[in-house]
Amino acid sequence: DLSSVARHNFLYRSGVDHAGRAVFVLVGQNFPARDVDNDKALLHVINVMDSSVHLPYALVYVHSNFSVAFNQPLPQFMQQVYEVLDRRYKKNIKQLYVLHPSISSRTLL
């Protein structure tokens with residue numbers, strides 16, 4: 001049951017862009033990094049995105065009100081996400097938009 005993760009609404013499909021690509025929105029402040037089961041969070045990402053990533057898609061990351069103490073995933077989780085998500089997720093992301101980036105997030109990009 002992924003309802004405990006889905007209720008945070010940190011990732012959702014928003015519609016399509018001008019090119020007809022699926023648009024997913026990732027809201028950093030809604031990701032409860034310290035309180036969520038990483039396996040369930042990963043399954044939620046797959047559940048939301050899997051039906052659309054076989055085609056090109058766009059991802060919008062909203063960094064507003066992001067808290068390092070509460071919302072930043074641990075590096076191990078990010079590595080797990082990268083290893084588990086198959087090639088379709090990496091190959092078909094055509095646009096990445098970062099809204100309200102902090103200075104530290106700008107340096108990572």
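The structure displayed is predicted, hence computed values, not measured ones.

### So, the side chain of H63
Item 1. Looking at the secondary structure, you find H63 in the loop between β3 (57–62) and α3 (68–71).
Item 2. Accessibility expressed as a relative area gives 10% for H63, which makes it buried.
Item 3. Of the polar contacts made by the side chain of H63, one reaches the side chain of Y61; its length is 2.8 Å.

### Side note on the sheet that holds β3
Item 1. If you walk across this open sheet you meet the 4 strands as β1-β2-β3-β4, and the pairing is mixed. With one partner strand each, in any of the chains shown, β1 (11–16) and β4 (93–99) form the two edges of the open sheet. Along the sheet, successive strands turn relative to each other by an average axial angle of 25°, direction set aside.
Item 2. In this sheet, strand β2 (residues 22–27) lies alongside β1 in antiparallel orientation, the contact comprising 5 bridges. For V16, the partnering residue across the bridge sits in β2 and is A22.
Item 3. The sheet strands contacting helix α2 (residues 38–49) are β1, β2 and β3, and the helix crosses β1 at an angle near 15°.

### As for the side chain of H44
Item 1. Mapped onto the elements, H44 comes out in helix α2.
Item 2. Note on H44: relative accessible area 6%, which makes it buried.
Item 3. With residues up to four places along the chain from it excluded, the contact list for H44 reads L2, V5, A6, F10 and L11.

So, how was this worked out
- Residues numbered from 1 in each chain as written.
- Predicted model: local features only at pLDDT ≥ 70, side-chain atom pairs only at ≥ 80, totals over all residues.
- Heavy atoms only, no water.
- Helix = DSSP H or I, 4+ residues; strand = E, 2+ residues; numbered from the N terminus.
- Buried < 20%, exposed > 50% of the residue type's maximum accessible area, 1.4 Å probe, protein only.
- Polar contact = N/O pair within 3.5 Å; in protein donor to acceptor, adjacent residues only side chain to side chain.
- Pairing = 2+ DSSP bridges.
- Axes fitted to C-alpha atoms, helices over the stretch in contact; angles between N-to-C directions.
- Contact = heavy atoms within 4.5 Å.

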